Amino acid sequence: MNHSAKKELISWIKSFLVAVLLVFLCRQFLFTPTTVLGASMSPTFENGNKVILNKQGKINRFDMIVFHAPDSKENNYIKRVIGLPGDKISFKDDVLYVNGQAYKESYLEENKKNSTLAKITEDFTLKEKTGDNKVPEGYYFVMGDNRLKSKDSRDFGFIRKDAIIGKVVLRFYPLSEFGSP
């Protein structure tokens, strides 16, 4: 191999290593892909959907997040943030109340329309489900959009901030649903 070919090969190897390093750093600290498992977020997300998570930034009410499941070392869950630190949460007659203010959950309309039940979310207060009046600092209250088939904060309590992997920013599969959820 002549000198020019060696220089070219070394240049390609350096470029490849830099690219691998950049991908690793982005995936580790900024963005990461994940696959939705189960039906707890249906119809917003279906089993097998693939999404990109932003690992940085503020978590807001109604953001969809992926976090380490508190009841399983192998699984991660995807749920919607309902309660932020300091919030008082309750449900009455299928209406969400946060700090006494009613919120419309438009993402539930399809599930309500397809249900034969009068309500898809049972009446409850945060105190009844968790023993706390408010969401503690450093924690979140989360629920699945498929309220009748979701294992969420109603079952396992609050989610620690440090258990959150990231918030969903993009669906990239199936391609027919590509875009912001």
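Residues numbered from 1 in each chain as written. Predicted model: local features only at pLDDT ≥ 70, side-chain atom pairs only at ≥ 80, totals over all residues. Heavy atoms only, no water.

## Description of the confidence of the model for the protein
Residues at a pLDDT of 70 or more form 92% of the protein, whose mean pLDDT is 88. The secondary structure element of the protein with the lowest average pLDDT is helix α1 (residues 3-29), at 69, and the one with the highest is strand β9 (residues 139-143), at 97. (pLDDT = per-residue confidence, 0-100. Helix = DSSP H or I, 4+ residues; strand = E, 2+ residues; numbered from the N terminus.)

## Observations concerning the side chain of Asp145
Here Asp145 lies in the loop between β9 and α4 (153-156). Once you skip the residues sitting within four places of it in the chain, Asp145 turns out to touch Ser40, Met41, Ser42, Thr44, Arg80, Tyr107, Leu108 and Asn111. (Contact = heavy atoms within 4.5 Å.)

## Structural notes on the sheet that holds strand β6 (residues 95-98)
Hydrogen bonds between backbone groups are what pair the strands of a sheet, and the pairing can be parallel or antiparallel. Ordered by their spatial adjacency, four strands build an open sheet running β7-β6-β5-β8, and the pairing between neighbours is antiparallel. Because the sheet does not close on itself, it has two edges, and the strands there are β7 (101-103) and β8 (124-125). (Pairing = 2+ DSSP bridges.)

## Here's the deal with the layout of surface pockets
By volume, the largest pocket is sized at about 260 Å³. If you trace the largest pocket, you find 16 residues lining it, with Thr35, Leu37, Asn76, Tyr77 and Ile78 closest to the centre. In terms of residue count, strand β4 (residues 76-83) provides more of the lining of the largest pocket than any other element does, four residues in total. Of the residues in the lining of the largest pocket, the class split is seven nonpolar, six polar and three charged. A volume near 160 Å³ is recorded for the second largest pocket. What lines the second largest pocket is simply Asn54, Lys55, Gln56, Gly57, Ile59, Lys161, Asp162, Ile164, Ile165, Gly166 and Lys167. (1 Å grid on protein atoms, 1.4 Å probe; cavity = no way out; pocket = protein on both sides within 12 Å on 5 of 7 lines; lining within 4 Å. Points joined across faces, edges and corners; volume = space filled by probe spheres on them. Nonpolar A, V, L, I, M, F, W, Y, C, P; charged D, E, K, R; others polar.)

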